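Working through the structure, step by step
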Amino acid sequence: MVYILADNLTKTFGEGEIMVKAIDGISFQIEEGEFVAVMGESGAGKSTLLGMMGAMNAPTSGSLMVDDIDIYRLTQEQRADFRREFLGFVFQSFHLVPYLTVMENIMLPLAIIKRSKKNKQEMAEAAMNQVGLSGKAHRLPNQISGGEKERVAVARAIVNEPPVLLADEPTGNLDTKTSQDIMELLLRLNDNGMTIVMVTHSPDCAGYARRIMRLADGKLMDDNIKLRSLKRWQRNKEPFPSLNQALAAGSLPTG
Amino acid sequence: MTLKTISIKNLLRRKGKAGFILAGLVIGVSTVVGILTFVEAMTDSINHKLEKYGANILIVPKTENLALSYGGLALGGVSFEMKEIQEDELARIKNIKNARNVAALGPMVLGVVNIESQKVLMAGVNFKAAEILKPWWHLQGALPQENQMILGAEAARILNLSTGNQISIMDKKLTVSGVLEPTGSQDDQLIFTRLATAQTIFDKNGRISMAEVAALCKDCPIEDMVKQISEALPGAKVMAIQQVVKGRMAALAQFKKFSYGISGVILLIGSLVVLVTMMGSVRERADEIGIFRAIGFRKGHIMKIVFIEASIVSGLAGIIGYFIGLGAAKVALFAFAKSHSGYVPFRLDLAVGAVMIALALGLVSSAYPAFMAARLDPNDALRSM
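A separate point is the overall build of chain A. Across its full length, chain A holds nine helices and 10 strands. Expressed as a percentage of its 255 residues, the buried residues of chain A come to 56%. Looking at chain A as shown, the accessible area adds up to about 11,100 Å², and 46% of this sits on carbon and sulfur atoms.

See the structure below:
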């Protein structure tokens, strides 16, 4: 079932000679429960596309449907409601609120929903357990490691059980081992039915996705690169080659 | 976890900025409270002094071409042989609407007597009422009993009389019980005796020449009291010594206006401090606001966070400002109004007013920063991080 449908999305900045096309006529579909990695060089338009999918960056033209909702026909406040109900965000550099504890950061999306204090507590604890952060509830962000911060960011994104998780370079600031832990966490969430769209530079991380989209100069260059082999290797806890290595070795069927 | 939690945690994290806003509001509120308390205390003090000033309403017989000059106040004069007022008519004053504002009522009989070939003006007065009506009197000696009298300083000098001397006035022997210290008023020229004694001497039993009234006019315009007394005594002419009361009240009103102007300016400065600090705080928190917006906070939620912060700081500033203002008023009274006792009572209405002013100021000054915060584009805010 098609869950996200992008139709000829375009985003331009500036006018006349200095006009830049950040996104240039991109169309794609994402099924419910897919795990999609969006790859590309810096300036390819990955984060702009993710912002569009996050109902935060209106396209210059084209449309984006999520669960049959044309999100850029909604008002700004309706889009805020949409983000709260449908999306979980994992930002680049964690973006935790420094003066709130781990538990409070995770509970942040619950601050504006009408639930009992006990219910909110239970939801936050469930999210914490899911990301393996038990025992760190009352620490401040500056008292935990980078990997733990990323887990907090993921827990915050999933605490209200959104159907879609958008992750922007979720392992950008983490070491290899921690990156693998985070990717396994995302994979588990995807196994549980969550649709995940992840922007990444890292082919290793992209290897965890069921589908890879590659952007260059705002255009969608490749879509649906199959990474079954990588997934299998990862599942078997074997070291996996980078995407480029895999592609060079011809072990990755594309298209 | 609620928006309130976010606001409180942010205030605790940014103690310096919160303290700065608090200080700005406290200065504004305490200044207003201080000035209001000081003005109120001064008003009370001036009213109290007005009461001490003595008579401020005169009741004289209704007649044509009356020009009385008495007590150093140019109010006209009185013809001593004219129709008098009946003493018992004065009792009607106790029934006027503002009777409780009458501090003292002093009937007076005036007449001319001959003492050793000198013509002297003799006044029969109620000495109990005179304590309020003539607070400037300082008597060397004792108040007169029956068949006694006191002399004005000038009268004592000219007549060469002193305490203990006895003189005969119209076949009645009167002893001097005391001499008034110089007052600078016409009282220096007079002989004073008890009302009943004077009435007997002048054969005016039950009649008086005039009456003086000390009216407390803090809560009533003196014109109203004059009107009410006139209605009660249709045969008398009632006059207010308005220039005294009005002059003092006008001075106080000018002082009040000046004080309120200063308060307004200080409140304006306080609100600018809040505005500038809040704007800075909002700019600093653009990243947080971006996160909030990205995870689904509406504009209203962002504004609510800012307003909750402003309310907490403003409420606190109102309470602190009230007590500091109260203290400042005490110090000001001690420094500038030495005659005042310095006692400043706790006033719930002023305390509530101080908190309300602080809240209104804090919220109004935070409205623009809150609006700016809510308008932040989440995408721009996050991209700037």
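Here the narrative resumes.
Attention now goes to the packing of aromatic side chains. How two aromatic rings sit relative to each other is given by the distance of their centres and the angle of their planes. All chains considered together, the criterion is met by six aromatic pairs over all chains. Arranged with centres 5.5 Å apart and planes meeting at 0°, the rings of Phe 89 of chain A and Phe 91 of chain A form a pair that is stacked. Phe 91 of chain A shares its class with Phe 89 of chain A; the two are buried. Taken together, a centroid distance of 5.2 Å and an interplanar angle of 80° make the contact between Tyr 322 of chain B and Phe 323 of chain B edge-to-face.

Turning next to the packing of helix α9 (residues 299–336) of chain B against helix α10 (residues 348–375) of chain B. All names here are of chain B. For the pair α9 and α10, the least separation of the axes is 7 Å and the interaxial angle reads 150°. When the axes of α9 and α10 are compared, the pair comes out roughly antiparallel. The interaxial crossing formed by α9 with α10 has right-handed handedness.

For the coordinates displayed, the defined rule picks out five cavities of 30 Å³ or more. The space that makes up the largest cavity amounts to roughly 80 Å³. Every residue along the wall of the largest cavity is listed here: Asn 10, Leu 11, Arg 14, Lys 17, Ala 18, Ile 21, Met 278, Ser 281, Glu 309 and Val 313 of chain B. Broken down by secondary-structure element, the contributors of at least two residues to the lining of the largest cavity are α1 (3–13), α2 (15–53), α7 (242–284) and α9 of chain B. With three residues, the single largest contributor to the lining of the largest cavity is α2 of chain B. Approximately 50 Å³ is the volume attributed to the second largest cavity. Lining the second largest cavity, in full, are Arg 83, Arg 84, Leu 87, Gly 88, Phe 89, Pro 109, Arg 156, Ala 157 and Asn 160 of chain A together with Ile 295 of chain B. Broken down by secondary-structure element, the contributors of at least two residues to the lining of the second largest cavity are α2 (76–86), β6 (87–90) and α5 (146–158) of chain A.

Below, the discussion takes up the environment of Ile 59 of chain B. Residue and element names in this part refer to chain B. The residue Ile 59 is located in strand β1 (residues 57–61) in this model. Between the C-alpha atom of Ile 59 and that of Val 213, which follows or precedes it by 154 residues, the distance is 7.7 Å. Excluding residues within four positions of it along the chain, Ile 59 makes contact with Ile 85, Leu 90, Ile 93, Leu 105, Met 210, Ala 211, Val 213, Ile 229, Leu 233, Ala 236, Lys 237 and Val 238.

For the rest of this paragraph, the subject is the confidence of the model for chain B. Residue and element names in this part refer to chain B. Per-residue confidence for chain B gives a mean pLDDT of 83, with 86% of residues at or over 70. Confidence drops under pLDDT 50 across residues 71–80; counting only partners more than four residues distant or on other chains, this segment forms 31 contacts. Interface predicted TM-score (ipTM) for the complex: 0.82; the corresponding pTM is 0.68.

Definitions and cut-offs
- Along each chain, the written sequence defines residue order, and numbers are assigned to residues from 1.
- Written order decides the labels, with chains lettered from A and ligands numbered from 1.
- Side-chain atom pairs in this predicted model are given and counted only at pLDDT of 80 or more, local residue features only at pLDDT of at least 70, and totals for whole chains, interfaces and linings cover all residues.
- To obtain the side-chain values, all non-hydrogen atoms of the structure were included, while hydrogens and water were left out.
- What counts as a helix is a DSSP run of H or I of at least four residues, what counts as a strand is a run of E of at least two, and both are numbered from the N terminus.
- Three labels apply to residues, based on accessible area from a 1.4 Å probe with only protein chains included: buried if under 20% of the type maximum, exposed if over 50%, partly exposed otherwise in between.
- Residue-level accessible areas treat just the shown protein chains as cover; the underlying method is Shrake-Rupley with a 1.4 Å probe.
- Stacked, tilted and edge-to-face are the three classes applied to pairs of Phe, Tyr and Trp rings, where Trp contributes its six-membered ring and a pair requires centres within 6.5 Å; stacked means planes under 30 degrees apart, edge-to-face means over 60, and tilted covers the rest.
- All axes are obtained by fitting lines to C-alpha atoms, using only the stretch in contact for helices, and the reported angles, taken between N-to-C directions, cover 0 to 180 degrees.
- An angle below 35 degrees is read as roughly parallel, one above 145 as roughly antiparallel, one from 65 to 115 as roughly perpendicular, and any other as oblique.
- Throughout, a crossing is termed right-handed when the near helix is turned clockwise from the far one, and left-handed when it is turned anticlockwise from it by less than a right angle.
- With a 1 Å grid spanning the protein atoms alone, the term cavity applies to any set of points in which a 1.4 Å probe fits but cannot get out, the term pocket to an open set with protein on both sides within 12 Å along at least five of seven lines, and the term lining residue to any residue with an atom within 4 Å of a point.
- Grid points are joined across faces, edges and corners, and a volume is the space filled by probe spheres set on the points.
- Should any heavy atoms of two residues lie within 4.5 Å, those residues are considered in contact.
- On a scale of 0 to 100, pLDDT captures the predictor's confidence in every residue.

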